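# Working through the structure, step by step
Each chain, written out:
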Amino acid sequence: MPAIRRTRGTESSRAASAAAAIRPAREGEIAAVVDVLARCGFGPTVAPLVEFPRSGEHGEVLVAAADGTIVGAACCESFGETGWIGALGVAPGARKAGLGTGLTQAATDWLRGRGARTVLLFATDMGRPVYERLGFVAEGFATAWRGSAGSGPAPVALRTLREEDRPALAAADAAATGESRDAVLAALSPLAGVAAERDGELAGWAVASPWGMGVSIAADDPEVGVALMAAAARSPGSTVLIVPDGNEPGLDAVRRWGFQRANGGERMRLGPAVAWRPERQFGLFNLFWG
Ligand SMILES: CC(C)(COP(=O)(O)OP(=O)(O)OC[C@H]1O[C@@H](n2cnc3c(N)ncnc32)[C@H](O)[C@@H]1OP(=O)(O)O)[C@@H](O)C(=O)NCCC(=O)NCCS
């Protein structure tokens, strides 16, 4: 891991980040990681989001530490040929000293060490210039919407997901994401969600996860996708649906139902494009690993 030494920037950032080291988080440091990410504007959902890379064998939490104080953090989740960087932040007093860049580079190296040809992330407006300088390219915005759904298209048959749906679910997920997300799909246990059927075959599914606020929804066509969105967000309390802006029927549905925009991020990649099909993605787990 690189030791970052800086020569410019404000006095406070100089003090906070002088000779900061970027390294994996140690046992007992996760509370400090969550605290620094909270100060970076990540909401209360960041703690469960950090938990998945921290506790699983396919993820890592990196920190920037100066004089024993954690001043920045980034999380990585490996899906083999693809890998994601998320929850990356540097404490306000330690910014503009190269730590955001250093954390991104270290996370990229970690993912490439596990086979990533393409590194992906969702960028905020603040993060985007940092990633662009490192060669990441934008490939489409995703927006998190909050609300309660109206009715979906009538003729779609919905039922509860079953364990035996796992192979078809994984195939539909791969067709939508262009990735092999076994690490996250295997961790969804018990499998709880909604399945859509066409002619006795799985035509789409919707699953929430314990780590993020969204609902992952993959579907073969817009009718099935919007029906699953309606089923996932039908409670009177509000539900978060994170929809790629490139999915027009999905976007039309949340607007029609009166959902409010909560936040969003620009999907960016470093490396070759994956066979991602936003028109099949009607919901994302979160704005970390999609
Ligand atoms: C985005 C974020 C992580 C960047 O962290 P950072 O440590 O400031 O990043 P860097 O220092 O590597 O780069 C930031 C800027 O400082 C500049 N910089 C880097 N080293 C410098 C130095 N020694 N002296 C002066 N400026 C410097 C960079 O050129 C860059 O310039 P820009 O303002 O034109 O973009 C931070 O602003 C943050 O936590 N934001 C809130 C959370 C967030 O949006 N996270 C991104 C999620 S995708």
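In what follows, the accompanying structure is described. Model, not experiment: these values are computed from the prediction.

Spatially, β8-β9-β10-β11-β14 is the arrangement adopted by the five strands of the open sheet, whose pairing is antiparallel. Of all strands in the sheet, those with a lone pairing partner are β8 (157–160) and β14 (281–283), marking the two edges. Neighbour-to-neighbour, the strand axes of the sheet open up by a mean angle of 25°, direction not taken into account. Sitting on the sheet, helix α8 (residues 222–232) touches β8, β9 (193–198), β10 (201–208), β11 (215–219) and β14, and the angle it makes with β11 is about 155°.

This brings us to the nonpolar core. Counting residues in each nonpolar core, the largest one holds 95 residues, and the members touching the most others are Leu-62, Ala-87, Leu-228, Met-229 and Leu-241. Sort the elements by how many residues they give to this core and α8 lands first, with seven residues. Looking at which domains feed residues into this core, each of domain 1 (3–116) and domain 2 (144–264 + 272–283) supplies at least three.

What follows concerns helix α6 (residues 166–177). Helix length check: α6 (twelve residues) gives 16 Å between terminal C-alpha atoms against 16 Å at 1.5 Å per residue, within 8%. Turning to α6, its buried residues number three or more, namely Leu-169, Ala-172, Asp-173, Ala-176 and Thr-177. Summarising the axial view, the buried residues of α6 lie within an arc of 120°, below the 170-degree limit, and thus occupy one face. Turned more than 90 degrees off the buried face of α6, the exposed positions are Pro-167 and Ala-171. Buried residues along α6 sit against α7 (182–186), β10, β11 and β14.

Helical geometry note: an α-helix holds 3.6 residues per turn, so side chains three or four residues apart project in the same direction. Looking at helix α3 (residues 46–55), one finds that the buried residues are Val-46, Leu-49, Val-50, Phe-52 and Pro-53. The buried residues of α3 all sit within an arc of 150° when viewed along its axis, so they share a single face. Contacts made by the buried residues of α3 are with α2 (30–39), β3 (59–66), β4 (69–78) and β5 (82–90).

About the criteria used
- Residue positions are given per chain, counting from 1 as you read along its sequence in written order.
- pLDDT decides what is reported in this predicted model: residues at 70 or higher carry local features, side-chain atom pairs at 80 or more are listed and counted, and totals for whole chains, interfaces and linings draw on all residues regardless.
- Paired strands, as defined in this entry, are two strands with at least two bridges between them according to DSSP.
- To qualify as a helix, a DSSP run of H or I must reach at least 4 residues; to qualify as a strand, a run of E must reach at least 2; elements of each kind are numbered from the N terminus.
- Orientation is described by lines fitted to C-alpha atoms, with helices fitted over the stretch in contact, and by angles between N-to-C directions that extend from 0 to 180 degrees.
- In this description, a residue-residue contact is defined by the distance between C-beta atoms placed from the backbone, which must lie within 7 Å.
- Among buried residues, those of type Ala, Val, Leu, Ile, Met, Phe, Trp, Tyr and Cys that are joined through C-beta atoms within 7 Å form a set called a nonpolar core.
- Here a residue counts as buried when 20 or more other C-beta atoms fall within 10 Å of its C-beta, as exposed when 12 or fewer do, and as partly exposed in between; the C-beta atoms come from the backbone.
- Those domain boundaries reflect an automatic or database domain assignment.
- Each residue after the first adds 1.5 Å to the expected span of a helix.
- This arc corresponds to the set of directions leading from the helix axis out to the C-beta atoms.

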